[in-house]
Amino acid sequence: MLPRFWRKIKYRYDIVGTVCENCGSKFYPPRNFCPICRRKGKIREQTFSSKGRILSYTVVHDAPDEYKLAKPYIVALIELDDGVVLTSQVVCDPQEVHIGMRVKKAFRKYYEDGESGIIYYGTKFVPDDGEV
Amino acid sequence: MQRVAIVGVGQSEFGELWDRGFRDIVLKAGSEALDDAGLEGKEIEAIYVGNMSGGRYLEQEHISALIADYSGLAELGIPATRVEAADASGGLALRQAFLAVASGVHDVVMAAGAEKVTDVGSEMTADIMSSTADREWEGFVGATIPALYAIMARKHFEKYGTTEEDLALVSVKNHRNGALNPKAQYRREIKVEDVLNSPKVAEPLKLLDCAPLSDGACAVILASEKVARQITDNPVFISASAQASDYLAIQNRRDITEMRAVRVASEKAYRMARVEPRDIDVVEVHDSFTIAEIMAYEDLGFAEKGKGAELIREGVTSLEGSLPVNTGGGLKACGHAVGATGIRQAIEITLQLRGEAGKRQVECERGLSLNIGGTGATAVVTIYERG
């Protein structure tokens with residue numbers, strides 16, 4: 001199980017993805033091929049904006065074991081200001097979350113493998129106080 | 001290309017079958033299908049079996065050989081192949097069997113689907129189902145399958161005005177149909193309030209918006225037209241089979257209120273069968289979540305985009321309506337035996353076209369089934385017509 005998450009750390013801890021220099025499409029998580037230009041595309045790494053807005057969301061009540069303590073928690077589809085769309089957790093009161101809500105990235109703990117196991121960290125989103 | 005007909009159908013019980021093993025339920029489905037076709041078994045030239053996660057649910061891989069073996073077909077050395085596409089595995093097994101007969105390579109083939117999910121706990125079952133979406137980028141952040149469908153539902157609400165009550169109506173209809181189906185896991189009616197008041201799973205989806213995960217197995221026997229005419233008076237022909245894929249993670253899709261794989265596969269299927277959506281009389285769709293049925297109405301071309309909810313509000317898709325959908329109860333009431341579901345759908349359409357659907361019988365000449373994998377990254381559409 002471990003390597004799958006370990007090898008993605010750079011991309012998980014920050015919103016680093018890829019851009020196709022041929023058509024300008026942006027991808028997060030990173031891709032090796034541009035699905036639009038396919039082999040004609042030239043892919044390079046890029047860090048995307050840290051702010052965006054909620055496109056849609058859910059409040060999860062029935063959660064897997066590792067998220068038991070966090071529930072209910074919010075999972076949202078977020079569109080960053082540069083157009084990239086990603087799936088992430090939003091940390092706020094479930095009563096306050098809404099479509100269109102402005103959010104910004106934050107470095108957070110996701111879960112841990114038991115009491116002495118590995119702690120998994122990643123990017124979550126919090127309300128962007130300046131504009132909420 | 002040879003014409004291909006369904007000449008036999010069989011189904012095990014669906015549900016929490018703790019006292020039955022995987023091979024027991026597969027044999028029950030397979031032997032029932034052989035009896036239905038009036039065949040002995042030795043006529044079967046190949047088997048395709050849809051199974052999603054035997055390796056995790058049962059710690060048993062090589063399901064294909066296991067099934068051939070316990071069906072007594074290992075002695076004959078017949079080829080057996082497992083196919084996997086999450087909960088579209090059954091639909092895909094049907095498609096592989098169809099291709100094998102259509103190509104002329106085989107004349108009699110069995111397509112089966114089976115899953116045994118209750119040998120592990122429900123937490124683990126949910127975790128295994130999560131592997132049908134993008135584990136690294138959706139599962140990691142706690143986006144379960146119901147959560148991803150809930151995100152689609154919320155967007156559909158915002159964009160088109162679909163409501164929680166509309167979703168509840170889907171569940172109510174499918175339970176009403178399931179109550180008339182002796183093979184359904186849940187044979188009782190429910191009310192809109194029951195759905196709305198059931199525990200929240202992933203808002204806006206409640207427990208009764210979600211199909212149960214079940215143990216179960218199904219089998220159908222396909223034959224070339226020549227063989228079909230020799231062994232049965234009521235063959236049901238497969239006039240089209242189409243499959244399409246989409247981005248695995250919903251974040252990469254252009255519009256999460258539509259399933260593009262469904263649209264692409266159904267357009268191909270309509271072309272292949274030379275029919276239009278209005279020519280279809282009876283439909284089975286993949287209602288793993290109620291929102292999926294509403295989106296299916298739209299993506300299959302039965303309603304304009306955004307107007308799917310009108311069909312359920314106006315009763316168009318009820319047994320008495322002009323386009324009955326999920327006449328047997330759908331995944332919601334029949335149970336969702338993951339790898340078996342696509343075959344169960346084929347069986348329901350076959351029974352309807354043969355006129356053998358009992359109390360839930362509708363008038364029909366042509367049917368369609370839609371089997372979806374995960375959150376829509378695989379779609380299999382099959383069109384059937386009376387022989």
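Residues numbered from 1 in each chain as written. Chains lettered and ligands numbered in written order. Predicted model: local features only at pLDDT ≥ 70, side-chain atom pairs only at ≥ 80, totals over all residues. Heavy atoms only, no water.

J.: Quick rundown of the overall build of chain A? Include the residues and the values.
T.: Per the secondary structure count, chain A includes 2 helices and 8 strands. Referenced to the eigenvectors of the C-alpha coordinate spread, the extents of chain A come out at roughly 45 × 40 × 25 Å. Looking at chain A as a whole, 44% of its 132 residues are labelled buried. As displayed, chain A has an accessible area near 7,000 Å², and 48% of this comes from carbon and sulfur atoms. Separation between the mean location of the 22 positive side-chain charges and that of the 17 negative ones in chain A comes to 10 Å. (Helix = DSSP H or I, 4+ residues; strand = E, 2+ residues; numbered from the N terminus. Buried < 20%, exposed > 50% of the residue type's maximum accessible area, 1.4 Å probe, protein only. Areas by Shrake-Rupley, 256 points an atom, 1.4 Å probe, with all protein chains shown as cover. Lys, Arg positive; Asp, Glu negative; His and termini not counted. Charge placed at Lys NZ, Arg CZ, Asp CG, Glu CD.)

J.: Lay out helix H6 (residues 145–160) of chain B with the relevant residues and their values.
T.: All names here are of chain B. Here H6 is 16 residues long and its end C-alpha atoms lie 22 Å apart, about the 22 Å a rise of 1.5 Å per residue gives. Counting buried residues along H6, 13 of its 16 residues qualify, which places the element largely inside the surrounding structure. The first or second residue beyond H6 is Gly161, which carries a positive phi of 80°. (Expected span 1.5 Å × (residues − 1).)

J.: Break down the sheet that holds strand S1 (residues 4–11) of chain B for me, citing the residues and quoting the values.
T.: All names here are of chain B. The strand order across the open sheet built from 9 strands is S3-S2-S4-S7-S1-S8-S11-S10-S9, with neighbouring strands paired in mixed fashion. On the outer flanks of this sheet lie strand S3 (80–83) and strand S9 (282–284), each paired with one strand and no other. Recorded for the sheet is a direction-independent mean angle of 25° between the axes of neighbouring strands. Two strands pair when backbone bridges link them, and strand S4 (residues 108–115) and strand S7 (residues 216–224) are joined in this way by 8 bridges, in the antiparallel orientation. (Pairing = 2+ DSSP bridges. Axes fitted to C-alpha atoms, helices over the stretch in contact; angles between N-to-C directions.)

J.: Break down the environment of Glu43 of chain B for me, citing the residues and quoting the values.
T.: Residue and element names in this part refer to chain B. Along the chain, Glu43 falls in the loop between helix H1 (22–37) and strand S2 (46–50). Glu43 sits in the partly exposed class, given a relative accessible area of 26%. Expressed as a C-alpha distance, the spacing of Glu43 and Val109, which sit 66 residues apart in the sequence, is 8.6 Å. A distance of 3.1 Å separates a polar side-chain atom of Glu43 from the backbone nitrogen of Glu40. (Polar contact = N/O pair within 3.5 Å; in protein donor to acceptor, adjacent residues only side chain to side chain.)

J.: Residue-level account of the layout of surface pockets, with values.
T.: In this structure, the largest pocket encloses a volume near 930 Å³. Taken together, 37 residues form the lining of the largest pocket, with Asp62 of chain A together with Leu207, Ala211, Pro212 and Leu213 of chain B sitting closest to its centre. For the lining of the largest pocket, the secondary structure elements donating two or more residues are helix H5 (122–130) and H6 of chain B. Of the residues forming the lining of the largest pocket, the biggest block, 6 residues, is contributed by H5 of chain B. Grouping the amino acids of the lining of the largest pocket by side-chain chemistry returns 19 nonpolar, 12 polar and 6 charged. A volume near 520 Å³ is recorded for the second largest pocket. Its residues placed into classes, the lining of the second largest pocket shows 10 nonpolar, 4 polar and 8 charged. (1 Å grid on protein atoms, 1.4 Å probe; cavity = no way out; pocket = protein on both sides within 12 Å on 5 of 7 lines; lining within 4 Å. Points joined across faces, edges and corners; volume = space filled by probe spheres on them. Nonpolar A, V, L, I, M, F, W, Y, C, P; charged D, E, K, R; others polar.)

J.: Tell me what's going on with the domain arrangement of chain A, and back it up with residues and numbers.
T.: Residue and element names in this part refer to chain A. We note that the domain assignment places domain 1 (1–48) and domain 2 (49–132) within chain A. Computed over C-alpha atoms, the centres of domain 1 and domain 2 are 21 Å apart. Here domain 1 meets domain 2 over a buried area of about 1,200 Å², counting both sides, of which 64% is carbon and sulfur. Here domain 1 and domain 2 share 1 salt bridge between them. Summed over the shared surface of domain 1 and domain 2, the number is 3 residue pairs in polar contact (both at pLDDT 80 or more). With 3 residues, helix H1 (residues 2–6) is the largest single contributor of residues to the side of domain 1 that touches domain 2. Of the residues belonging to the side of domain 1 that touches domain 2, the class tally is 7 nonpolar, 1 polar and 3 charged. (Domains from an automatic or database assignment. Buried area = accessible area lost by both parts, 1.4 Å probe. Salt bridge = Lys/Arg side-chain N within 4 Å of Asp/Glu carboxyl O.)

J.: Can you explain the packing of helix H4 (residues 89–102) of chain B against helix H14 (residues 341–354) of chain B? Please cite residues and give values.
T.: Residue and element names in this part refer to chain B. Their axes nearest at 5 Å, the elements H4 and H14 cross at an angle of 65°. Taken together, H4 and H14 sit at an angle that is classed as roughly perpendicular. Residues Gly90, Gly91 and Leu94 of H4 form the contact with H14, whose participating residues are Gly342, Ile343 and Ala346. (Parallel < 35°, antiparallel > 145°, perpendicular 65-115°, else oblique. Contact = heavy atoms within 4.5 Å.)

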